[in-house]
Amino acid sequence: MKDNALHFALFGNPVGHSLSPLMHGAAFAGMGLRAQYSAFCVQDLALAAQGIRGMGLRGVSVTIPFKTAVMDLLDEIEETARMIGAVNTIRNDGGRLMGFNTDAAGLMKDLKEVTNLRGKRVVVLGAGGAARSAVFGLIREGALVHIVNRTAEKGERLAGEFGCTSSALSDKSQIGGDILINTTSVGMTPVVDASPLEPYFLKRFHWVVDIVYNPLKTKLLKDAEAAGCHIRNGIGMFVHQGAEQIRIWTGLTPPLELMQKVVMERLS
Ligand code: ATR
């Protein structure tokens, strides 16, 4: 790459199966940008963060397990990322590192393509990092959120923080509404025959959304389809969060359809 090229990285561990290099590479090529995006399986996050400055990377995507830990290593955290408590995007402004979160916006953009969220009763399955982004985004859009988690206390803590309700996954009486969103990794490749919720309860929802996108149709989504629900996988969220990263890094509009196409082709 020439000296004036823009350099980007993914920091995670593991990163071998990530589709971000494919998606961002296609986007940059489509935009005619002289840019390189590489995935790094990070061993020492503090040293890696220093490396952003040292090597003059323009931007970094941050993934599991570093989205929270990286926050202490940055110069400034944008307000949304601070409220969510996780950073998935870093921009390097001349050595000053700023953290952003595009996961919540990515999910909301995708959901709003198919349904209105204001006043909708949404059950969020899970209370981990991915759930935090979902709950934050949903509440900001005016949805009525109820968290359902295997470990009840963890769900209660998250609900307390964001001012919504919660219950244990073992208590099925609270499971019902307009939209169900799975934020757990249950059903993800390679354990594709697993689902976080028994099929019987899915008919209580109009929409069932899985943030998992590998496989494209998880067992949860297959069951939901069989129960007559509308379904949505995590592809749209993934593409939108990546597109938002490119906007943050470059100020330019990324080719959303091209990004979606290369990801779909790889997964199909
Ligand atoms: P992430 O950052 O990807 O959200 P996480 O913080 O480890 O990952 O959170 C994983 C979430 O998936 C948790 O809510 C977890 O439930 P617990 O709090 O009870 O651990 C949920 N989860 C993981 N495996 C699960 C399973 N087999 N059934 C139901 N929920 C599960």
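Please refer to the structure placed before this passage.
From a predicted model like this one, the values you see are computed outputs, not experimental measurements.

The rules we used
Residues numbered from 1 in each chain as written. Predicted model: local features only at pLDDT ≥ 70, side-chain atom pairs only at ≥ 80, totals over all residues. Heavy atoms only, no water. Near = heavy atom within 4 Å. Polar contact = N/O pair within 3.5 Å; in protein donor to acceptor, adjacent residues only side chain to side chain. Nonpolar A, V, L, I, M, F, W, Y, C, P; charged D, E, K, R; others polar. Pairing = 2+ DSSP bridges. Helix = DSSP H or I, 4+ residues; strand = E, 2+ residues; numbered from the N terminus. Contact = heavy atoms within 4.5 Å. Axes fitted to C-alpha atoms, helices over the stretch in contact; angles between N-to-C directions. Buried < 20%, exposed > 50% of the residue type's maximum accessible area, 1.4 Å probe, protein only. Arc of directions from axis to C-beta. Phe/Tyr/Trp six-rings, centres within 6.5 Å; stacked < 30°, edge-to-face > 60°. Core = buried A, V, L, I, M, F, W, Y, C linked by side-chain atoms within 4.5 Å. Parallel < 35°, antiparallel > 145°, perpendicular 65-115°, else oblique. Left-handed = near helix turned anticlockwise from the far one by under 90°. Salt bridge = Lys/Arg side-chain N within 4 Å of Asp/Glu carboxyl O.

Asks: Now, about the site of the ligand: what can you tell me, with residues and values included?
Replies: Near the ligand there are 13 residues, and of these Ala 127, Ala 130, Asn 149, Arg 150 and Thr 151 occur at the shortest range. Separating an oxygen atom of the ligand from a backbone N or O atom of Ala 127 is a distance of 2.8 Å. Asn 149 has a polar side-chain atom sitting 2.7 Å from an oxygen atom of the ligand. Grouping the constituent residues of the shell around the ligand by class yields five nonpolar, six polar and two charged.

Asks: Pulling in residues and values, what's your account of the sheet that holds strand β6 (residues 96–100)?
Replies: Read across the open sheet, the six strands follow the order β2-β1-β3-β5-β6-β4; overall the sheet is mixed. Among the strands making up the open sheet, the edge pair consists of β2 (35–41) and β4 (76–77). Sitting on the sheet, helix α2 (residues 45–55) is in contact with β1 (6–12), β3 (59–62), β5 (89–93) and β6, with an inclination near 170° to β1. Strands in contact with helix α8 (residues 235–250) are β1, β2, β3, β5 and β6; relative to β5, the strand with the most contacts, it is inclined by about 10°.

Asks: Can you break down helix α6 (residues 152–162) residue by residue, with the values?
Replies: Where α6 is concerned, the buried positions are Gly 155, Leu 158, Ala 159 and Phe 162. Buried residues of α6 fall within an arc of 100° about the axis and therefore sit on the same side. In α6, the exposed residues that point more than 90 degrees away from the buried face are Arg 157 and Gly 160. Against α3 (79–84), α5 (129–140), β8 (144–149) and β9 (165–168) lie the buried residues of α6. Positive phi appears at Gly 163, one or two residues downstream of α6, with a value of about 70°.

Asks: Break down the packing of aromatic side chains for me, citing the residues and quoting the values.
Replies: A complete count under the given rule lists six aromatic pairs for this structure. Plain terms: the ring middles of Tyr 37 and Trp 249 are 6.3 Å apart, the flat faces sit at 45° to each other, and that makes the pair tilted. Separated by 212 residues along the polypeptide, Tyr 37 in strand β2 and Trp 249 in helix α8 bring together distant segments of the chain. Taking relative accessible area as the criterion, Tyr 37 reaches 8% and is therefore assigned buried. Exposure remark for Trp 249: the relative accessible area of 2% places this residue in the buried category.

Asks: With reference to specific residues and values, describe the nonpolar core.
Replies: Among the nonpolar cores identified, the biggest contains 28 residues, and Leu 111, Val 135, Leu 138, Val 145, Ile 147 and Ile 181 are the most heavily contacted of them. Looking at this core, the elements with two or more residues in it are α4 (103–112), β7 (121–125), α5, β8, α6, β10 (179–182) and β11 (207–210). The greatest single-element share of this core, amounting to five residues, is contributed by α5. When neighbours within four sequence positions are excluded, Ile 181 is seen to be in contact with Leu 111, Val 122, Val 123, Val 124, Leu 125, Leu 138, Val 209 and Ile 211. Core analysis: the next-biggest nonpolar cluster, separate from the first, contains 22 residues, Phe 8, Val 239, Ile 246 and Val 263 among them.

Asks: Before we move on, can you summarise unusual backbone geometry with the specific residues and values?
Replies: Going from Ile 64 to Pro 65, the amide bond is cis rather than trans, its omega being 5°. Within the secondary structure, Pro 65 sits in the loop between β3 and β4. Along the chain, Thr 189 connects to Pro 190 via a cis peptide bond; the corresponding omega equals 15°. With respect to the helices and strands, the residue Pro 190 is situated in the loop between β10 and β11.

Asks: Talk me through the packing of α4 against α5; I want residue IDs and the actual numbers.
Replies: Running from amino to carboxyl end, α4 crosses α5 at an angle of 55°, the nearest separation of the two axes being 8 Å. With respect to α5, the axis of α4 lies oblique. Like other packed secondary-structure pairs, α4 and α5 cross with a definite hand, here right-handed. Of the residues in α5, those in contact with Asp 103, Ala 104, Leu 107, Met 108 and Leu 111 of α4 are Ser 133, Ala 134, Phe 136, Gly 137 and Leu 138.

Asks: An account of the pattern of salt bridges is needed here, citing residue identities and associated values.
Replies: Across all of its chains, the model carries 15 salt bridges by this definition. Lys 217 serves as the salt-bridge partner of Glu 225, at 2.8 Å between the closest nitrogen and oxygen. Beyond isolated ion pairs, a larger network of salt bridges with shared partners links Arg 58, Arg 91 and Asp 93.

So yeah, pure geometry; function would need other evidence.
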